[in-house]
Structure formats: C-alpha cells, structure tokens
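Close look at the chain arrangement
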Amino acid sequence: MIRDITIGQYYPSDSRVHRLDPRVKIVCTLLYLVSLFFFHNIWGYLAATLFLAAVIRISKVPFKFIVKGLKPIIMLLMITVGFNLFLTKTGDVLFEFGILTITSGGLRTAVFMGIRLIYLILGSSLMTFTTTPNALTDGIESLLWPLNRIKVPVHEIAMMMSIALRFIPILLEETDKIMKAQIARGADLESGNIIQKAKAMIPILVPLFVSAFRRANDLAMAMEARCYRGGEGRTKMKPLVYEGRDYMAYAIMIGYVVIAVVLGNIPF
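This text gives an overview of the structure that appears in the document. Since we're looking at a predicted model, the values are computed, not measured. As a convention, each chain's residues are numbered from 1 in the sequence order in which they are written. Local features are withheld for residues below a pLDDT of 70 in this predicted model, meaning they are given only at 70 or higher, and side-chain atom pairs are given and counted only at 80 or more; totals for whole chains, interfaces and linings count all residues. The basis for every side-chain value is the complete set of heavy atoms in the structure, and neither hydrogens nor water enter the calculation.

Here's the deal with the pattern of salt bridges
For this analysis, a salt bridge means a side-chain nitrogen from Lys or Arg found within 4 Å of a carboxyl oxygen belonging to Asp or Glu. One pass over the structure, following the stated rule, counts six salt bridges. We note a salt bridge from Asp-14 to Arg-19, for which the minimum N-O separation is 2.8 Å. Across the pair Arg-23 and Asp-21 runs a salt bridge whose closest N-O atoms are separated by 3.0 Å.

Here we look at the packing of helix H1 (residues 22-35) against helix H10 (residues 244-264)
For any two helices packed against each other, the geometry is given by the interaxial angle and the distance between the axes. In this analysis an axis means a line fitted to C-alpha atoms, helices contributing only their contacting stretch, and an angle means the value between N-to-C directions, from 0 to 180 degrees. Helix and strand assignments follow DSSP, with helices taken as H or I runs no shorter than four residues and strands as E runs no shorter than two, numbered in order from the N terminus. It is the contact of H1 with H10, at a shortest axis distance of 10 Å, that shows an interaxial angle of 5 degrees. In terms of orientation, H1 and H10 fall into the roughly parallel class. Of the residues in H10, those in contact with Arg-23, Val-24, Val-27, Cys-28, Leu-31, Tyr-32 and Ser-35 of H1 are Asp-246, Ala-249, Tyr-250, Met-253, Tyr-256 and Val-257. The residue classification treats Ala, Val, Leu, Ile, Met, Phe, Trp, Tyr, Cys and Pro as nonpolar and Asp, Glu, Lys and Arg as charged. All others, Gly included, are polar. Tallied by class, residues from the contact of H1 with H10 come to ten nonpolar, one polar and two charged. Here the angle decides the label: under 35 degrees means roughly parallel, over 145 means roughly antiparallel, 65 to 115 means roughly perpendicular, and every other value means oblique. Whether two residues are in contact is decided by their heavy atoms: any pair within 4.5 Å suffices.

Details of the pairing of strand S1 (residues 93-97)
Counting buried residues in S1 gives zero out of five residues, a small share hidden from the surface. Pairing between strands is defined by DSSP: at least two bridges between them are needed. With four bridges joining them, S1 and strand S2 (residues 100-103) adopt antiparallel strand pairing. Of the residues in S2, the one forming a bridge with Val-93 is Thr-103. A loop of two residues connects S1 with S2, the two strands running antiparallel in sequence, and Gly-98 in this loop sits at a positive phi of about 65 degrees. Only protein chains enter the accessibility calculation, which uses a 1.4 Å probe; a residue whose area is less than 20% of its type maximum is buried, one above 50% is exposed, and one in between is partly exposed.

Structural notes on helix H6 (residues 133-143)
The complete set of buried residues in H6 reads Pro-133, Leu-136, Thr-137, Gly-139, Ile-140 and Glu-141. Where H6 is buried, its residues touch H1, helix H5 (104-129) and helix H7 (154-184).

Quick word on the nonpolar core
In these notes, a set of buried Ala, Val, Leu, Ile, Met, Phe, Trp, Tyr and Cys residues joined through side-chain atoms within 4.5 Å is what counts as a nonpolar core. With 27 residues, the main nonpolar core has Tyr-32, Phe-39, Ala-48, Leu-52, Ile-66, Tyr-119 and Tyr-256 as its most contacted residues. Elements represented by at least two residues in this core include exactly H1, helix H2 (42-59), helix H3 (63-67), H5 and H10. Sequence-distant contacts of Ile-66, defined by excluding residues within four places in its chain, comprise Ile-56, Val-61, Leu-122, Leu-126 and Phe-129. Judged by nonpolar contacts, the second largest core, of six residues, contains Ile-26, Met-127, Leu-136 and Ile-140.

Details of the side chain of Ser-59
Relative to the helices and strands, Ser-59 resides in helix H2. You can call Ser-59 buried: its relative accessible area is 0%. Looking at Ser-59, its side chain comes within polar contact range of the main-chain oxygen of Ile-56, at 2.8 Å. With residues near it in sequence (within four places) discarded, Ser-59 still touches Ser-13, Ser-15, Val-17, His-18, Leu-126 and Thr-130. Residues adjacent in sequence count toward polar contacts only when both atoms are side-chain atoms; beyond that, a polar contact is any pair of N or O atoms within 3.5 Å, and within protein one must be able to donate a hydrogen and the other to accept it.

Structural notes on unusual backbone geometry
Here the phi dihedral of Lys-60 falls at roughly 65 degrees; this positive angle occurs in a residue that is not glycine. Mapped onto the secondary structure, Lys-60 falls in the loop between H2 and H3. For Lys-60, a relative accessible area of 52% puts it in the exposed group.

Here is the structure:
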C-alpha cells in the first residue's frame, strides 16, 4: 500500500506537457478541477474524460502509474459513494430494504460524485507527475506574487509547499523501511482487530516521527549554512517566461472549459 501512494512524485519524461510553463499547468489544473463541479449530466463528464485521456497520452506518463495513486483512496471513495447513494432521497425509489433506500437521484449523485472524486485525484496528480518540485514552487510563487503587496509571505508559503512535496516520497520510503524492519523482528501488522492494528502502528510511527524531525533539522541547518534568509532580494537562475506553446495551452484549456460546461448543462 505504501508503494501505491504516488502523490508528490515526479515522472521524468520529454513530453509537451512536461515542457509547459509551471504556471500554465497550475492554472489549467485548477480550471479543470473547477469545471467538474459545473456538470449536471453525462455529457460533461464524457468531455472531461476525453480531455483527461488526451492529456495523459500527450504527457507520456504510464496510465498504470497514474491509476496506482487511486488505491489509497478506495476506502474514502466507497464511503463517499455510499453516503450519497443511501442518504439522497430524490427521484423514484429503485431499491428498498429496511432502512436502506436507493433512489434514482441518489444513484445519479453517487455515480457523479465518484467520477468527480476520481478525476480530481487524477487531474491534480498529473500536474505533480509532469512538474518538478522546484518548478512548481516557482510557478506558485509567481502566481501569488500580487499578494506581496498586502504583506503575505508568498515565497515562504511556496517554499513550504515545495518542501512538503519533496518530503512525501522520502517519508513513504522511510515508512516502508521501518515496516520491513519491524516485520523482520516478528511484528504482526496485519492480523487482529482495529485496536490491535492501531497499537501495532506505534513501533512504526515513533521512529518515523523521530526520522522526520531529524531530517527537518538537517534541512534547516543546511539552509542556514547556505545563508538562506527568505525570498527578499533573491533572483532566479531560470526565470519563468511564457512561450507560444503556453499561450496555445491556455487557449485549448479555455475552449475545453466552455465546451464542457455547455455540454454538462444540456437537459438530459
């Protein structure tokens, strides 16, 4: 399960999506995620599916690698779908057994909510797969730059987000090592009830927290040794500059949003 978590990982490749400006990928990802909440029929989700499939194909990121990131959220997905399926009481009754009732409105809401959650994960994951943490930090800092006028520490916020993304795969690898070491010492992490499984996680969480704090302290000392004092007065070795392909990506994204929203609101 630990190896199935792909959030924050970067997949190196030489595709058109990888070469886009990070600001373009951030803005387009946000537009795509927001557009999912404006669909009210299957046609909007069909347009979102075709667009996402085309972007995945262009990005050259293996589909199996992308889908692998969905495994850790299967339980959350099932709970969300279940709540919408049984608690939505609109439309005709399709199934009834005791206190469990499934209506046409509940079934419709559950299906759309499940698709929406899956596409939210896939869309946001695709951005991190095709963008390095440094480029993502520069893109966020550039987009949030106007907030500097109201004394918002934009550089520090972007730096914290970048460090968090960098630490995700490191901590996952550390967790995997600790779990293997505990299993080699005879620890049973699979059997037992929920309380027993929770107690079995203590020998994993304690050394993981110690390792995380040690790494954070080493990183802080390394940054101080290199005279890091925040973003004020700092320059970029590779400043972000929009190119023709970036403007084309914006145009394609705006076209998709318009078409998808129109199709997603056609009476069906």
